[in-house]
Amino acid sequence: MTSRREILITNDDGIDAEGIHVLAGIMSRYGNVTVVAPLHPQSGRSAALSMDTPLYLEQVSNEDGMRVFTFNGTPVDCVKAGINECYPEGTQPDIVVSGINHGANCSVASIYSGTLGACIEGAVYEIPSIGFSLCTHDAHPDFSPVLKYADTIMEQFLANPPEKGTYINVNFPAIPADQIKGIRLARKGRGRWVEEFDTHYDSQGRKYFMMAGHFENHEKEGSNGDHWLVYRHYISVVPHKVDNTDYQELERLGSTWNFETRP
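Residues numbered from 1 in each chain as written. Predicted model: local features only at pLDDT ≥ 70, side-chain atom pairs only at ≥ 80, totals over all residues. Heavy atoms only, no water.

1. Side note on the overall build of the chain
For step 1, the next point in the chain: Assigned secondary structure in the chain consists of 7 helices and 13 strands.
For step 2, the next point in the chain: A compact globule built from 263 residues should have a C-alpha radius of gyration of about 18 Å, and the chain, at 20 Å, falls within 12% of that.
For step 3, the next point in the chain: For the C-alpha atoms alone, the extent of the chain along its principal axes is close to 60 × 60 × 50 Å.
For step 4, the next point in the chain: Out of the 263 residues belonging to the chain, those deemed buried represent 44%.
For step 5, the next point in the chain: A separation of at least 24 residues holds for 74% of the contacts in the chain among residues at least 6 apart in sequence.
For step 6, the next point in the chain: Within the structure as shown, the chain displays about 14800 Å² of accessible surface, and the carbon and sulfur contribution to it stands at 50%. (Helix = DSSP H or I, 4+ residues; strand = E, 2+ residues; numbered from the N terminus. Rg over C-alpha atoms; globule rule 2.2 N^0.38 Å. Buried < 20%, exposed > 50% of the residue type's maximum accessible area, 1.4 Å probe, protein only. Contact = heavy atoms within 4.5 Å. Areas by Shrake-Rupley, 256 points an atom, 1.4 Å probe, with all protein chains shown as cover.)

Right under this line is the structure:
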């Protein structure tokens, strides 16, 4: 008898976010699910670690094929805790799945994303890893696009997993499922956030700043950048690499920069 697939799930919105519970329900069709979610929201933490904080792994529930834990750390901390504390010594989960994030992780957001930080950690452990994001910050969004298309994506992911050191970033438009035009393989879009802070003053007259700003698109009409495709009502699927070395530039610099080295 073939053993069931072991699936580790986390997110960056925290254990109380609806998205992670929807995702756990979807993934339960593919194997045994272990959820290790941040106790509190951890959006924008990227691949951050908690270096000087006591971390507590607390089990919330344990049903047939579904275990749920909280961990008072970052998404990366959660993946580490899941791998090292929730599976028998010498074993690890078969896949890592992160999300469903409440908010887009397209373009430059993929750099800051705690959702994808978890996927990076999974890929570091050479575990096939995939992140799902729904492009709205609504606390109670319409998950119908994910519910309709997640199986199509997961079947491809499981049949043809990414190469070691690569993880998958999936973004769903926040529109009804019947308005989705399809699924498109894409690249990380070109754009950035500008005017990123609003200025305020506290009761003592001290100036402080709150993150704000707007997104500046650097893509041309009809490009295959992920944020542009999502804007055009497609689901974007982007493979990202943990190794972000620019090998072409490495070669160019090797021929133009001169460093004295000892034999």
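Picking up after the structure, the text goes on.
2. With respect to the pairing of strand β3 (residues 57–63)
For step 1, the next point in the chain: Pairing between β3 and strand β4 (residues 66–71): 6 bridges, direction antiparallel. Note on β4: the bridge partner recorded for Glu58 is Thr70.
For step 2, the next point in the chain: Hairpin connection between β3 and β4: a loop of 2 residues separates the two successive antiparallel strands, and Gly65 in this loop has a positive phi of roughly 80 degrees. (Pairing = 2+ DSSP bridges.)

3. Quick word on the UniProt feature "binding site: a divalent metal cation" (unreviewed entry) in the chain
For step 1, the next point in the chain: This chain's UniProt record puts "binding site: a divalent metal cation" (unreviewed entry) on Asp12, Asp13, Ser43 and Asn101. Spanning 90 residues, the named residues nonetheless gather at one spot, since no C-alpha pair among them exceeds 9.0 Å.
For step 2, the next point in the chain: For Asp12, the position within the fold is in the loop between β1 (6–10) and α1 (18–27).
For step 3, the next point in the chain: The exposure class assigned to Asp12 is buried, which follows from its relative accessible area of 2%.
For step 4, the next point in the chain: Contacts of Asp12, omitting those with residues within four sequence positions, involve Pro38, Pro41, Gln42, Ser43, Gly44, Pro75, Asn101, Ser113, Gly114 and Thr115.
For step 5, the next point in the chain: By secondary structure assignment, the location of Asp13 is in the loop between β1 and α1.
For step 6, the next point in the chain: For Asp13, the residues in contact, after removing those within four places along its chain, are Pro41, Ser43, Ile100, Asn101 and His102.
For step 7, the next point in the chain: At a separation of 3.3 Å, a polar atom in the side chain of Asp13 contacts the side chain of Ser43. (UniProt positions renumbered as here; feature names shortened; annotations may be inferred. Polar contact = N/O pair within 3.5 Å; in protein donor to acceptor, adjacent residues only side chain to side chain.)

4. Brief notes about a nonpolar patch on the surface
For step 1, the next point in the chain: Taken together, the side chains of Ile111, Tyr112 and Trp193 make up a nonpolar region of the molecular surface, amounting to roughly 300 Å² of accessible area.
For step 2, the next point in the chain: Its location among the elements puts Ile111 in helix α3 (residues 109–112). (Patch = residues over 30% accessible without salt bridge, like charges linked within 9 Å, V, L, I, M, F, W, Y side chains within 5 Å. Salt bridge = Lys/Arg side-chain N within 4 Å of Asp/Glu carboxyl O.)

5. Some details on the UniProt feature "domain: Survival protein SurE-like phosphatase/nucleotidase" (unreviewed entry) in the chain
For step 1, the next point in the chain: Under the local residue numbering, the UniProt record ascribes the feature "domain: Survival protein SurE-like phosphatase/nucleotidase" (unreviewed entry) to residues 7–194.
For step 2, the next point in the chain: With 28% helix and 28% strand, residues 7–194 has its two end C-alpha atoms placed 38 Å apart.

6. Thoughts on the sheet that holds strand β6 (residues 129–134)
For step 1, the next point in the chain: Here we have 9 strands laid out as an open sheet, ordered β3-β4-β2-β1-β5-β6-β7-β13-β8, and mixed in their pairing. Only two strands of the sheet have a single partner each, and these edge strands are β3 and β8 (182–185). Between one strand axis and the next, the sheet turns by 20 degrees as a mean value, whatever way the strands run.
For step 2, the next point in the chain: The pairing of strand β5 (residues 95–102) with β6 spans 5 bridges and is parallel. Paired with Val97 across the strands is Ile130, a residue of β6. (Axes fitted to C-alpha atoms, helices over the stretch in contact; angles between N-to-C directions.)

7. With respect to the environment of Ala118
For step 1, the next point in the chain: Along the chain, Ala118 falls in helix α4 (residues 114–124).
For step 2, the next point in the chain: By relative accessible area, Ala118 is classed as buried at 0%.
For step 3, the next point in the chain: Counting along the chain gives 94 residues from Ala118 to Ala24, while the straight-line C-alpha distance between them is 16 Å.

8. Quick look at the pattern of salt bridges
For step 1, the next point in the chain: In the structure shown here, the tally under the stated rule is 8 salt bridges.
For step 2, the next point in the chain: The partner of Asp202 in a salt bridge is Arg206, with the nearest N and O atoms 2.9 Å apart.
For step 3, the next point in the chain: Note that Glu221 and Arg232 form a salt bridge whose closest N and O atoms lie 2.8 Å from each other. Here Glu221 is found in the loop between β12 (214–217) and α6 (226–231), whereas its partner Arg232 is found in the loop between α6 and β13 (234–241), with 11 residues between them in sequence.
For step 4, the next point in the chain: Residue Glu221 is classed as exposed on the basis of its relative accessible area of 62%.

9. Considering the nonpolar core
Among soluble globular proteins, nonpolar side chains are generally buried collectively.
For step 1, the next point in the chain: Within the largest apolar cluster, 34 residues are counted, with the highest numbers of intra-cluster contacts made by Ile9, Met27 and Phe132.
For step 2, the next point in the chain: The contacts of Ile9, once residues within four sequence positions are left out, are Ile20, Leu23, Ala24, Met27, Val33, Thr34, Val35, Val36 and Val97.
For step 3, the next point in the chain: Formed by 13 residues, the second largest nonpolar core is a distinct cluster that contains Val36, Phe71, Ile83 and Ile127. (Core = buried A, V, L, I, M, F, W, Y, C linked by side-chain atoms within 4.5 Å.)

10. Considering the state of the cysteines
For step 1, the next point in the chain: Summed over all chains, the structure comprises 0 disulfides.
For step 2, the next point in the chain: Considering cysteine sulfurs only, Cys78 is the nearest to Cys86, which forms no disulfide, with 9.8 Å between them.
For step 3, the next point in the chain: Here Cys135 stays unpaired: no disulfide links it, and the sulfur of Cys106, its closest cysteine neighbor, is 4.5 Å away.
For step 4, the next point in the chain: Judged by relative accessible area, which is 23%, Cys135 ranks as partly exposed. (Disulfide = S-S within 2.5 Å.)

11. Observations concerning the environment of Lys164
For step 1, the next point in the chain: Residue placement: Lys164 occurs in the loop between α5 (144–159) and β7 (166–172).
For step 2, the next point in the chain: Counting along the chain gives 52 residues from Lys164 to Tyr112, while the straight-line C-alpha distance between them is 22 Å.

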